[in-house]
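What follows is the residue order along each chain.
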Amino acid sequence: MLALSTFAFTLLFAAWLMFGVLGVPIRDELGLSDVQLSWLSAVAILNGSIWRLPAGIAADRWGGRVVFTFFLLTTAVFSYLVAQVHSYGTLLVLAFLVGLAGNAFTAGVAWNSAWFPRERQGFALGLFGAGNVGASVTKFLGPAVIGATAGGTYLGFVDGGWRLVPVIYAVLLAVTAVALWLLVPRHDRSPGRGRSIREQLVPLREVRVWRFSSYYVAVFGAYVALAAWLPKYYVDTFGVSLTTGALLTATFIFPASLLRPVGGALSDRIGARRVMYWTFGVMLAATALLMMPNGHIVVEVSGNNGTADVLPFAMSLELFVVTVFVLGCAMGIGKAAVYKHIPEYFPRDVGAVGGLVGMLGGLGGFLLPPLFAYATSWTGLPSATFFVLFVLTAVCFAWMHRTVLALLQHESPELSDHFEHPHLPGRRLGRRAHFDPAGAAGTTMEANR
C-alpha cells in the first residue's frame with residue numbers, strides 16, 4: 001500500500017505541476033504574457049488545493065484505495081484533453097481540471113496514517129510525501145520530449161512537442177489506477193467510517209490547526225510555487241535554456257522532496273517543533289540572501305575621514321543554485337515535521353485536519369506565483385520573489401516562537417524538552433507534581449493559541 005500510494009502520488013504530482021515546464025513553449029505558441037502564464041500554473045494549484053479537506057475526510061470514511069483510484073482516472077482524462085487544446089481560455093479551464101490531482105495528497109496522508117503505528121507515522125508520511133519529487137519528473141522528461149518530438153505526429157492523432165507530455169501522463173496514470181485497484185489490500189482501513197461529517201470537522205475549531213496550516217504554506221505552498229516559477233526565473237534572469245533551467249530547478253525539487261522521510265524520522269526522534277525551528281532558521285537565512293538585488297554594498301570606514309568602500313554585489317548562477325538547494329533541503333525536512341504534528345494531536349481526525357492543513361498550504365501555492373509576478377513587476381527586481389518568501393517565513397517563525405514561549409512561561413521552563421509529545425506521560429516536576437503539556441492544561445492553553 002505504501003509503495004503503490006507513493007508511486008501513484010508521484011505521478012499525480014508530476015501531472016499537477018507539469019505547466020511549470022510546459023508553460024514556456026505554450027507561452028511561445030499562444031503568445032501569452034508572463035502574468036497570463038503565471039495564472040496557468042496558479043489555477044492548477046488552486047484546484048489541487050480546494051478539495052483537500054473533502055479528500056482527507058473521504059479517505060477516512062471510505063478508504064484511500066477508492067479515493068486514489070478516482071484521482072488517477074479523472075486526472076488521466078483531463079491530462080489527455082490538455083494535448084488537444086488550441087486556445088488560452090480552454091487551456092486555462094483544463095489546467096484547472098488537471099489540478100484535481102493535487103488533492104490526492106491529503107487522501108494519501110489519511111490512508112497511510114491509518115495503516116502505521118504512531119511511532120512510525122513520521123517516517124511513513126515522510127516517505128509518502130516524497131512523492132513531491134514528481135515535480136522533477138516533468139523537469140527531466142518535458143524538455144527532452146519536447147525537443148525530440150516537435151513537429152511530429154504519433155499514432156496518427158497525437159502531436160509531438162509539448163502536447164505529447166500530457167498524453168504520456170494520461171497513459172501512465174490510467175495504468176497505475178488499474179495496478180493500485182488490483183494490488184492494494186481490498187479490506188481497507190477507514191477510521192472515519194460510521195462518524196458524522198460534523199463530528200469529523202470539530203477539531204478544525206482549534207487555532208492550533210490554523211497555525212499548523214500557516215507553517216505548511218511556508219514549507220509546501222512556497223515549494224509548489226517555486227517548482228512552477230523557477231524554470232522561468234532561470235530562463236529570464238540568467239539567460240539559460242529551458243532545458244538547463246528545468247535541470248537546475250530539479251536541484252531544488254529533489255532535496256525538497258526526497259528529504260521528507262528524513263524530516264519525518266527526525267520528527268519521530270527529536271520532536272517536530274525542534275525540526276521546525278531549524279527549518280525556519282535556514283529558510284530565513286537562504287531567502288535573505290536570495291532577495292538581495294544586484295548592485296553595490298557601501299561600507300563606511302570609521303576614523304578614515306568619513307570615506308567609504310563600495311563593494312559590488314551580484315548573485316552568480318552558481319551561488320543562486322547552491323542557496324536554492326539549501327532552501328529546498330529546509331523545505332523538504334519541514335514539510336514532514338508539519339504533518340508529524342497532526343496524528344500526534346489529532347489521531348482520529350487525520351483526514352479532516354490534514355485536509356485543512358494541506359488545503360491552505362496548497363492555496364498558498366496558488367497565490368504565490370501571481371504574487372511573485374506582481375512583486376517583480378512593481379519593483380522591477382526579479383529577486384522580489386524571495387522577499388515575499390522571507391516575509392512569509394518570518395511571520396510563521398514569529399507565531400510559532402511566540403506560542404512556544406507563552407507555553408513555557410505559563411507552566412515551567414522544565415517543559416522545554418517535553419512539549420513535543422502530547423500523549424506521553426508527564427514528567428515528575430517534584431515529589432507529587434506531574435504535568436502533561438498536551439494533557440489538561442497544555443491542550444487548553446495551546447488550543448487557545
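Residues numbered from 1 in each chain as written. Predicted model: local features only at pLDDT ≥ 70, side-chain atom pairs only at ≥ 80, totals over all residues. Heavy atoms only, no water.

1. A short note on the layout of surface pockets
Inclusion rule: For cavity detection a 1 Å grid was placed over the protein atoms alone, and a set of points counts as a cavity when a 1.4 Å probe fits there but cannot get out; an open set counts as a pocket when protein lies on both sides within 12 Å along at least five of seven lines, with lining residues being those that have an atom within 4 Å of a point. Grid points are joined across faces, edges and corners, and a volume is the space filled by probe spheres set on the points. The helix and strand labels rest on DSSP assignments: H or I over at least four residues marks a helix, E over at least two residues marks a strand, and numbering proceeds from the N terminus. For this classification, the nonpolar set comprises Ala, Val, Leu, Ile, Met, Phe, Trp, Tyr, Cys and Pro, the charged set comprises Asp, Glu, Lys and Arg, and every other residue, Gly included, is treated as polar.
Within this model, the largest pocket holds a volume of roughly 210 Å³. Forming the boundary of the largest pocket are 14 residues, of which D34, W229, K232, A373 and T376 lie nearest the centre. Listed by contribution, the elements that provide at least two residues to the lining of the largest pocket are α3 (34-47), α12 (207-238) and α17 (350-379). Residues belonging to the lining of the largest pocket are distributed by class as follows: seven nonpolar, four polar and three charged. The wall of the second largest pocket is formed by Y233, T237, F238, L290, M292, P293, N294, M315, F320, L381, P382 and S383. Sorting elements by how many residues they give to the lining of the second largest pocket places α12 first, with three residues. Partitioning the lining of the second largest pocket into residue classes produces nine nonpolar, three polar and no charged.

2. Some thoughts on the pattern of salt bridges
Our working rule: Between Lys or Arg on one side and Asp or Glu on the other, a salt bridge is scored when a side-chain nitrogen of the former is within 4 Å of a carboxyl oxygen of the latter. Only protein chains enter the accessibility calculation, which uses a 1.4 Å probe; a residue whose area is less than 20% of its type maximum is buried, one above 50% is exposed, and one in between is partly exposed.
Enumeration over the complete set of coordinates arrives at five salt bridges. The partner of R27 in a salt bridge is D28, with the nearest N and O atoms 3.9 Å apart. R27 sits in the buried class, given a relative accessible area of 15%. Of the charged contacts, one joins E29 and R163 as a salt bridge, the two residues approaching to 2.8 Å between their closest N and O atoms. With E29 in helix α2 (residues 19-30) and R163 in the loop between β2 (158-159) and α10 (164-183), the pair connects residues that are 134 residues apart, well separated along the chain. Judged by relative accessible area, which is 5%, R163 ranks as buried.

3. Description of the side chain of T385
We count it as follows: A 3.5 Å cut-off defines polar contacts: any pair of N or O atoms within that distance qualifies, except that in protein one atom must be a possible hydrogen donor and the other a possible acceptor, and neighbouring residues in sequence count only when both atoms are side-chain atoms. What makes two residues a contact is simply this: any of their non-hydrogen atoms within 4.5 Å.
Within the element layout of this structure, T385 appears in helix α18 (residues 384-410). Looking at T385, its side chain comes within polar contact range of the side chain of W229, at 3.4 Å. In this structure, T385 is in contact with L226, W229, Y233, F372 and T376, ignoring residues within four places of it in sequence.

4. Remarks on the side chain of S49
Of note, S49 is situated in the loop between α3 and α4 (52-62). Polar contacts involving the side chain of S49 include one to the main-chain carbonyl oxygen of I45, which spans 2.7 Å. Among residues more than four places away in sequence, those in contact with S49 are W16, N103, M359, G362 and L363.

5. A few points about helix α6 (residues 88-98)
Because the α-helix completes a turn every 3.6 residues, residues three or four places apart line up on one side. To keep it simple, the criterion reads: Directions drawn from the helix axis to the C-beta atoms are what define this arc.
Regarding α6, the residues found buried are Y88, L91, L94, A95 and V98. Down the axis of α6, the buried side of the element spans an arc of 125°, and every buried residue falls inside it. Here the buried face of α6 lies against α1 (2-16), α2, α3 and α5 (64-82).

6. Considerations on empty space enclosed by the protein
The gaps left among the atoms become clear once a water-sized probe is rolled over them. Throughout the structure, instances matching the rule amount to four cavities of 30 Å³ or more. Within this model, the largest cavity holds a volume of roughly 80 Å³. For the largest cavity, the full set of lining residues is F19, G20, G23, V24, L37, S38, S41, A228, W229, K232 and P369. Those elements that provide at least two residues to the lining of the largest cavity are α2, α3 and α12. It is α2 that contributes the most residues to the lining of the largest cavity, four residues altogether. Its residues placed into classes, the lining of the largest cavity shows six nonpolar, four polar and one charged.

Purely geometric numbers; function is a separate question.
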